[in-house]
Amino acid sequence: MRAVIVGAGPTGLYTAIALARRGHQVTVIDRDPGPDRGQWWDRKGVMQFHHPHFFRQQVVDALLAEMPEVWQGLLAAGAVPAILPGQPGVPVGLHCRRVTFERVLRAAVEAVPGVRLRTGHVDEVCGERGRVTGVTVGGQRADADLVIDAGGRGGRLTRALRAPAEGGDCGIAYVSRQYTLLPGATDGPVNMPFGCW
């Protein structure tokens, strides 16, 4: 099967690896060309890209089940598993900047046969007789048997096909500051798993 994934964020990259490992030909299309040889990466459209993140246990479980080498790559890049007190060795999440997460996943995608990363803007999803047949990218057609929109909440490509969003204010504000512990200092007290190191 030929698949096109629109969006090279965490969901798009993870899905590309999983599909390619099952024998499918995958093209991932994103407007962002990716990091420039390890230099600063200004990921347009992702406001929280350089902020610290807490990836929940579902992400850890999915990585360990499908691609443990990505998990090891994240740890080697400085990501830190969240471990609950009294439960050593059982990660309940992962502390890591999104930029680190995407760099490691992108490097893994580039090493997987059957995946092609393509820079461009997807104009529309194409179809014939009620079936998806591909997408147009900058006016050129990219044929596919499956199109996955992994463009995120702000994505406009399939907005007309989605049900109206439900929700409201969740009561949570996201603010981040960065500190360096003094030599010999221990982590401070926390009361939630996303604070556990």
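Residues numbered from 1 in each chain as written. Predicted model: local features only at pLDDT ≥ 70, side-chain atom pairs only at ≥ 80, totals over all residues. Heavy atoms only, no water.

**Quick notes on the side chain of R43**
For R43, the position within the fold is in the loop between β2 (25-30) and β3 (52-56). R43 gets classed as buried once you look at its relative accessible area, which sits at 6%. At a separation of 2.8 Å, a polar atom in the side chain of R43 contacts the side chain of E102. With residues near it in sequence (within four places) discarded, R43 still touches A8, G9, D30, D32, F49 and E102. (Helix = DSSP H or I, 4+ residues; strand = E, 2+ residues; numbered from the N terminus. Buried < 20%, exposed > 50% of the residue type's maximum accessible area, 1.4 Å probe, protein only. Polar contact = N/O pair within 3.5 Å; in protein donor to acceptor, adjacent residues only side chain to side chain. Contact = heavy atoms within 4.5 Å.)

**Considering the sheet that holds β3**
Pairing is antiparallel in the open sheet, where 3 strands are placed in the order β3-β5-β4. Among the strands making up the open sheet, the edge pair consists of β3 and β4 (80-83). Direction aside, the axes of adjacent strands within the sheet are offset by 30 degrees on average. Strand direction decides the pairing type here: β4 and strand β5 (residues 91-97), joined by 4 bridges, are antiparallel. (Pairing = 2+ DSSP bridges. Axes fitted to C-alpha atoms, helices over the stretch in contact; angles between N-to-C directions.)

**Focus: the nonpolar core**
Core analysis: the biggest nonpolar cluster contains 29 residues, and V26, L63, V70, L74, L94, F101 and V115 have the highest contact counts within it. Listing elements by their share of this core, those giving two or more residues are β1 (2-6), α1 (10-20), β2, α2 (57-66), α3 (68-76), β5 and α4 (98-110). Top element by residues in this core is α1. It accounts for 6 residues. Contacts of V70, omitting those with residues within four sequence positions, involve L63, V104, L105 and A108. One finds I29, V122, A142 and V147 within the second-largest nonpolar core, a separate group that totals 9 residues. (Core = buried A, V, L, I, M, F, W, Y, C linked by side-chain atoms within 4.5 Å.)

**Looking at a positive patch on the surface**
On the surface, R31, R156, R159 and R162 cluster together into a patch of positive charge. Relative to the helices and strands, R31 resides in the loop between β2 and β3. On the accessibility criterion, R31 (55% relative accessible area) is exposed. (Patch = residues over 30% accessible without salt bridge, like charges linked within 9 Å, V, L, I, M, F, W, Y side chains within 5 Å. Areas by Shrake-Rupley, 256 points an atom, 1.4 Å probe, with all protein chains shown as cover. Salt bridge = Lys/Arg side-chain N within 4 Å of Asp/Glu carboxyl O. Lys, Arg positive; Asp, Glu negative; His and termini not counted. Charge placed at Lys NZ, Arg CZ, Asp CG, Glu CD.)

**Concerning the environment of P10**
Along the chain, P10 turns up in helix α1. For the pair P10 and R118, spaced 108 residues apart in the sequence, the C-alpha separation amounts to 16 Å. P10 has contacts with R98, F101, E102 and L105, leaving out every residue within four places of it along the chain.

**Section: the packing of α3 against α4**
At a minimum axis separation of 10 Å, α3 and α4 run at an interaxial angle of 135 degrees. Overall, the two elements α3 and α4 adopt an arrangement that is oblique. Like other packed secondary-structure pairs, α3 and α4 cross with a definite hand, here right-handed. Residues V70, G73 and L74 of α3 pack against T100, F101, V104, L105 and A108 of α4. (Parallel < 35°, antiparallel > 145°, perpendicular 65-115°, else oblique. Left-handed = near helix turned anticlockwise from the far one by under 90°.)

**A closer look at α1**
Burial analysis of α1 places 9 of its 11 residues in the buried class, the great majority of the element. Those residues of α1 that sit buried are P10, G12, L13, Y14, A16, I17, A18, L19 and A20. On its buried face, α1 is in contact with β1, β2, α2, α4, β6 (115-119) and β10 (146-149).

**Some points on the packing of aromatic side chains**
Evaluation of the coordinates by the stated rule reveals 2 aromatic pairs. Geometrically, the ring pair formed by F55 and F101 is stacked, given 4.1 Å between the ring centres and 15 degrees between the ring planes. Separated by 46 residues along the polypeptide, F55 in strand β3 and F101 in helix α4 bring together distant segments of the chain. Of the residues examined, F55 reaches a relative accessible area of 11% and is grouped as buried. (Phe/Tyr/Trp six-rings, centres within 6.5 Å; stacked < 30°, edge-to-face > 60°.)

Geometric descriptors of this kind do not, in isolation, establish any biological role.
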